[in-house]
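Structural overview
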Amino acid sequence: MDFDQNGGGRRVFQRLGPSNNNNNRFNNQSHQNQSYQNQNQVKQNKVCFHWRAGRCNKFPCPFLHSELPGPSSNGGGAGVSAKRPHSLGGGSEEGFSTRKSPNFNNTWGRAGGSGGAGGGVGKKMERVCNYWVQGDCRFGDRCKFLHSWSVGDGFSLLTTLEGHQQGVTGIALPSGSDKLYTGGKDSTVRVWDCQSGQCAGVINLGGEVGCLISEGPWVFVGIPNFVKAWNAQTGTDLSLSGPVGQVYALVVGNDLLFAATQEGTILAWKYNPSVNTFEPATSLPGHTGPVVTLVVGANRLYSGSMDNSIKVWNLETLQCMQTLVEHKSVVMSILCWDQFLLSCSLDKTIKVWVATESGNLEVTYTHVEEHGLLTFCGMHDLASKPLLLCSSNDNSVRLHDLPSFSDHGKIFAKDDICSIQVGPGGLFFTGDGTGQVRVWKWSEQPAAAA
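Nothing here was measured: the structure is a model prediction, and the numbers come from that model.

Per the secondary structure count, the chain includes four helices and 32 strands. In the chain, which comprises 450 residues, the proportion classed as buried is 49%. Contacts in the chain between residues far apart in sequence, at least 24 positions, make up 47% of those at least 6 positions apart. Accessible surface, the chain as shown: approximately 21,700 Å² in total, 46% of it carbon and sulfur.

In this section: the environment of Met321. As for its placement among the helices and strands, Met321 is situated in strand S21 (residues 320–324). Remark: the alpha-carbon pair of Met321 and Arg300, spanning 21 residues in sequence, is separated by 9.3 Å. Excluding residues within four positions of it along the chain, Met321 makes contact with Arg300, Val312, Trp313 and Asn314.

Turning to the pairing of strand S27 (residues 386–392), a few remarks are in order. Burial within S27 is extensive, with seven of its seven residues counted as buried. Residue alternation in S27 divides its side chains into two sets, Pro386, Leu388, Cys390 and Ser392 and Leu387, Leu389 and Ser391, and both sets are buried. Of the pairings in the sheet, the one linking strand S26 (residues 373–380) to S27 comprises seven bridges and is antiparallel in character. Across the sheet, the residue bridging to Met379 is Leu387, located in S27. Here S26 folds back onto S27 in antiparallel fashion, the turn holding five residues, of which Ser384 has a positive phi close to 65 degrees. Sheet analysis places S27 next to strand S28 (residues 396–401), joined by six bridges and oriented antiparallel. Within S28, the position partnered with Leu389 by the bridge is Leu399. Counted between consecutive antiparallel strands, the loop separating S27 from S28 contains three residues, among which Asn395 sits at a positive phi close to 65 degrees.

As a further point, take the nonpolar core. The nonpolar side chains of a soluble globular protein tend to be buried with one another. Judged by nonpolar contacts, the single largest core of 19 residues is most densely connected at Phe155, Leu389, Val397, Leu399, Ile411, Phe428 and Trp442. Of all the secondary structure elements, the ones that give two or more residues to this core are S26, S27, S28, strand S29 (407–412), strand S30 (417–422) and strand S32 (437–442). Excluding residues that lie within four positions of it along the chain, Val397 makes contacts with Leu389, Cys390, Ser391, Gly409, Lys410, Ile411, Ile417 and Ile420. Core analysis: the second largest hydrophobic core is formed by 16 residues, Leu335, Phe340, Leu342 and Cys344 among them.

It is worth spelling out unusual backbone geometry at this point. Along the chain, Leu402 connects to Pro403 via a cis peptide bond; the corresponding omega equals 5 degrees. Of note, Pro403 is situated in the loop between S28 and S29.

To continue, consider the pattern of salt bridges. In a structure, side chains of opposite charge can pair up when their charged atoms sit close to one another. Tallying each qualifying case throughout the model produces seven salt bridges. Note that Asp178 and Lys179 form a salt bridge whose closest N and O atoms lie 3.0 Å from each other. When its relative accessible area of 38% is taken as the criterion, Asp178 is described as partly exposed. Linked through salt bridges whose partners overlap, the residues forming this network are Glu369, Glu370, Asp394 and Arg398.

Before going further, it helps to spend a moment on the side chain of Gln246. On the secondary structure map, Gln246 appears in the loop between strand S13 (237–241) and strand S14 (247–253). Residue classification places Gln246 among the buried residues on the basis of a relative accessible area of 1%. Within the local environment of Gln246, its side chain forms a polar contact with the backbone oxygen of Glu208, the two atoms lying 3.1 Å apart.

Once that is clear, we can look at the packing of aromatic side chains. Scanning all chains against the criterion turns up 13 aromatic pairs. Clustering of aromatic rings is evident, with ring pairs tying together Trp108, Phe340, Tyr365 and Phe405. Between the NZ or CZ atom of Arg438 and the centre of the ring of Trp149, over which it lies, the distance is 4.3 Å.

With that settled, the discussion passes to the sheet that holds strand S9 (residues 199–204). Read from one edge to the other, the open sheet built from four strands follows the order S6-S7-S8-S9, with strand pairing classed as antiparallel. Looking along the sheet, the strands with just one partner apiece sit at the ends: strand S6 (168–172) and S9. When strand polarity is set aside, the average angle formed by the axes of neighbouring strands in this sheet is 20 degrees. Pairing of S6 with strand S7 (residues 179–184) involves four bridges; the strand directions are antiparallel. By the bridge assignment, Ile171 is partnered in S7 with Thr182.

Attention shifts here to the pairing of strand S24 (residues 349–355). For S24, the buried fraction is high: seven of the seven residues fall into the buried class. Of the two faces of S24, the one lined by Thr349, Lys351, Trp353 and Ala355 and the one lined by Ile350, Val352 and Val354 are each fully buried. Across four bridges, the pairing between strand S23 (residues 340–345) and S24 is antiparallel. The residue bridging Leu342 from the neighbouring strand is Val352, located in S24. In sequence, S23 turns back onto S24 through a hairpin of three residues, with Lys348 there showing a positive phi of about 75 degrees. The antiparallel pairing of S24 with strand S25 (residues 361–368) creates a hairpin that spans five residues between the two strands, and Gly359 there sits at a positive phi of about 95 degrees.

Below, the discussion takes up the layout of surface pockets. By volume, the second largest pocket is sized at about 950 Å³. Lining the second largest pocket are 40 residues, and of these Ile213, Leu250, Leu294, Ile420 and Gln421 lie nearest its centre. It is strand S22 (residues 331–337) that provides the largest number of residues to the lining of the second largest pocket, a total of six residues. Across the lining of the second largest pocket, the residue classes tally to 28 nonpolar, 10 polar and two charged.

Calculation criteria
- Residues numbered from 1 in each chain as written.
- Predicted model: local features only at pLDDT ≥ 70, side-chain atom pairs only at ≥ 80, totals over all residues.
- Heavy atoms only, no water.
- Helix = DSSP H or I, 4+ residues; strand = E, 2+ residues; numbered from the N terminus.
- Buried < 20%, exposed > 50% of the residue type's maximum accessible area, 1.4 Å probe, protein only.
- Contact = heavy atoms within 4.5 Å.
- Areas by Shrake-Rupley, 256 points an atom, 1.4 Å probe, with all protein chains shown as cover.
- Pairing = 2+ DSSP bridges.
- Core = buried A, V, L, I, M, F, W, Y, C linked by side-chain atoms within 4.5 Å.
- Salt bridge = Lys/Arg side-chain N within 4 Å of Asp/Glu carboxyl O.
- Polar contact = N/O pair within 3.5 Å; in protein donor to acceptor, adjacent residues only side chain to side chain.
- Phe/Tyr/Trp six-rings, centres within 6.5 Å; stacked < 30°, edge-to-face > 60°.
- Lys NZ or Arg CZ within 6 Å of the ring centre and 35° of its normal.
- Axes fitted to C-alpha atoms, helices over the stretch in contact; angles between N-to-C directions.
- 1 Å grid on protein atoms, 1.4 Å probe; cavity = no way out; pocket = protein on both sides within 12 Å on 5 of 7 lines; lining within 4 Å.
- Points joined across faces, edges and corners; volume = space filled by probe spheres on them.
- Nonpolar A, V, L, I, M, F, W, Y, C, P; charged D, E, K, R; others polar.

The following block contains the structure:
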């Protein structure tokens, strides 16, 4: 795995190779003989994809032109469950404070209660029909594949915003603005009118956008060697120098703007209103690889890096208090939730951290996914139930109820979803590697019949 740490400014998850699920297919030298010997067995166990779409022209076809019989109702064999494995961590509990929340204490990973769309997800194969995407699937409702970009109840797709020519790396909705800002690898920031859904402007930056956030009326954009700052209300346009290489993440905390850089240093600026500019405040060295994610919570700054670690910084003293090394690959995203810290990684795990009596963070629960994780975002549905939206490198986002991690639904895309952002009024946004931005909305759940 080549992370190109010395240059290029490319987003870390775009440097990963394709999934290796099929790498070993046809890799045995004696495959032809094996395939010939097992032809009848293959024919009995695989349905022709082209036959399903009504366009198979092979005769004889090596695959079935009929559906396989359904699973037996007794026995519930292996592979039927839609649940993904997870493990409960033992020992002490950890996070931000030792005060335990009654809503979360000792309940991480315990599936139960309302599982949302858990049962509905498995009704069709979890794969979007390629012919439906192209607009010519002949099977309609009888198709075994999905004719939708999502499965699950309570949310729906409102619209798709087209314009970026490469992957979307940031989405922001500044306070008091009726414009949505999106940044992409095509070196542009697009400004969208929230009423019409039309693109109201394109800003060319001359370098790939590594991240984009908003804080109050300000929009901050990370590009190689600079941070751009715009005030959506006053029109102020600033360029902050100092970063070396790409800026992968930005966050605001304790009146400081922090930037995560490709060289592994975290830079900080402080706004000076008397001269209407951001002045350099400090730099935080310590990581041995590029820093790719930042979050502020509980008077702490948390940074995740390609060196597989998370560092905990005191926001008052700006000193490193602890280094967390439980992940086995790049720490892609960090989230503060109640008194807990959540982190996700390319090692396919989500870890839940909570503070011990000594104040140090330790893992209290580990959730295992099937694919490497790229980013996640916490939000509430319209019933105020907490959810985790978690993007993985199989071009999908899984929705989990918290704290049980039970399945609530799934969102699909044509490429990896690199950016997720919560909006007002039940809106949320996803941006994928093709440049598409999708707008989603939570809906009220129908009341149960009396």
